[in-house]
Amino acid sequence: MNRLRADSDTPVADLIRERRTVRLFKNDEVPRSLLLELLNVAVWAPNHEFREPWRFILFQGEARRTFAEAMIRTYSSEEREKYGKNKKAYLESVPAHLIVVLKEDPRPKAWEEDYAAVCSLIQNFQLAAWERGLGVVWKTNHYGYDPKFRETAGVGPGEKIVGVLHVGYPAVIPPARPRTPAEELLTVFPERPSLEE
Ligand SMILES: Cc1cc2nc3c(=O)[nH]c(=O)nc-3n(C[C@H](O)[C@H](O)[C@H](O)COP(=O)(O)O)c2cc1C
């Protein structure tokens, strides 16, 4: 059975299935206006009590060097020696870095709802970007917790980095990894006769 295809071949279903995480990008710049357009689609994510618990920090052009240097500073000297040069070159070559920030609510239930809302927003962004020919990788990294990186990026106390999105036109699109069909994951709870019967 081909797990990538299903009966539902609507534009949204196709977009969801066809989007891939992209990690290698062409050098072409991504217009700021396009990124804003995509963010203005993404913010239509569901969010409980309309808290809109997000904000964004963008690094493009020369600012990518600041991003790369802040990231490399979070390495141990051994890591810097081993990976620093390549990592810096990679980060400076990615057309745009977009940090998606959750404004943390101290109430546990609200925090959970808000985190879920920001994750929905990120997926909206990835899908809208894919539709426009852009690739994205959603990264969760150790440096999101590093005080020096956070300070450089301007992420404050009470804010969580939910993802760093590397964005650009794809140089390589990786093959899809087929998903487990939902039939194998669904438990249908037994129906019980209604009380009148
Ligand atoms: C919360 C989250 C964190 C992720 N973090 C990383 C990451 O740090 N590095 C990375 O290469 N990919 C990361 N990814 C992307 C996944 O690896 C990717 O979605 C997965 O391989 C499936 O590929 P696809 O998106 O092309 O279907 C992350 C995805 C999610 C949802």
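Quick caveat: nothing in here was measured; it's all calculated off a predicted structure. (Residues numbered from 1 in each chain as written. Predicted model: local features only at pLDDT ≥ 70, side-chain atom pairs only at ≥ 80, totals over all residues.)

Attention now moves to the sheet that holds strand β2 (residues 54-60). One open sheet holds the four strands; their spatial order is β2-β3-β5-β4, and the pairing between them is antiparallel. Unpaired on one side and paired on the other, β2 and β4 (135-139) mark the two borders of the sheet. This sheet shows a mean twist of 25° between the axes of neighbouring strands, independent of strand direction. Two elements, strand β3 (residues 96-103) and strand β5 (residues 159-168), share eight bridges in a ladder whose sense is antiparallel. Pairing of V101 across the sheet is with I161, part of β5. Packing of helix α3 (residues 63-72) onto the sheet brings it into contact with β2 and β3, and relative to β2 it is tilted by some 105°. On the sheet, helix α5 (residues 108-131) packs against β2, β3, β4 and β5 and is oriented at approximately 5° with respect to β5. (Pairing = 2+ DSSP bridges. Helix = DSSP H or I, 4+ residues; strand = E, 2+ residues; numbered from the N terminus. Axes fitted to C-alpha atoms, helices over the stretch in contact; angles between N-to-C directions. Contact = placed C-beta atoms within 7 Å.)

Moving on: the site of the ligand. Around the ligand, the structure places R20, T21, R23, V137, W138, K139, T140, N141 and R177. Classifying every residue of the shell around the ligand gives two nonpolar, three polar and four charged. (Near = placed C-beta within 6 Å. Nonpolar A, V, L, I, M, F, W, Y, C, P; charged D, E, K, R; others polar.)

Of the residues in the chain, 94% reach a pLDDT of 70 or more, and the chain-wide mean stands at 95. Here the predicted complex scores 0.94 on pTM and 0.98 on ipTM. (pLDDT = per-residue confidence, 0-100.)

Feature annotation in UniProt assigns "binding site: FMN" (unreviewed entry) to the following positions: R19, R20, T21, H48, W138, K139 and T140. Annotated residues spanning 122 residues; largest pairwise C-alpha distance 28.1 Å, indicating distribution over more than one region. Relative to the helices and strands, W138 is located in strand β4. Contact partners of W138, with chain neighbours within four places excluded, come to I122, Q126, G163 and L165. The topology assignment puts K139 in strand β4. (UniProt positions renumbered as here; feature names shortened; annotations may be inferred.)

Within the element layout of this structure, R179 appears in the segment after β6 (170-172). C-beta crowding within 10 Å serves as the criterion here: with 10 such atoms nearby, R179 is assigned to the exposed category. A sequence separation of 162 residues divides R179 from R17, and the C-alpha atoms of the two residues are 9.7 Å apart. (Buried ≥ 20, exposed ≤ 12 C-beta atoms within 10 Å, placed from the backbone.)

The next point concerns the pairing of β5. Counting buried positions over the ten residues of β5 gives eight, a clear majority of the element. For β4 and β5, the ladder comprises five bridges, and the chain directions are antiparallel. In the strand pairing of β5, V136 is matched with V167.

It is at 8 Å that the axes of helix α2 (residues 32-42) and α5 come closest, and there the two elements cross at 130°. When the axes of α2 and α5 are compared, the pair comes out oblique. In this structure, the crossing between α2 and α5 has a hand that is right-handed. Contact residues: L38, L39, V41 and A42 in α2; L121, N124, F125, A128 and A129 in α5. Looking at side-chain class alone, the contact of α2 with α5 contains eight nonpolar, one polar and no charged residues. (Parallel < 35°, antiparallel > 145°, perpendicular 65-115°, else oblique. Left-handed = near helix turned anticlockwise from the far one by under 90°.)

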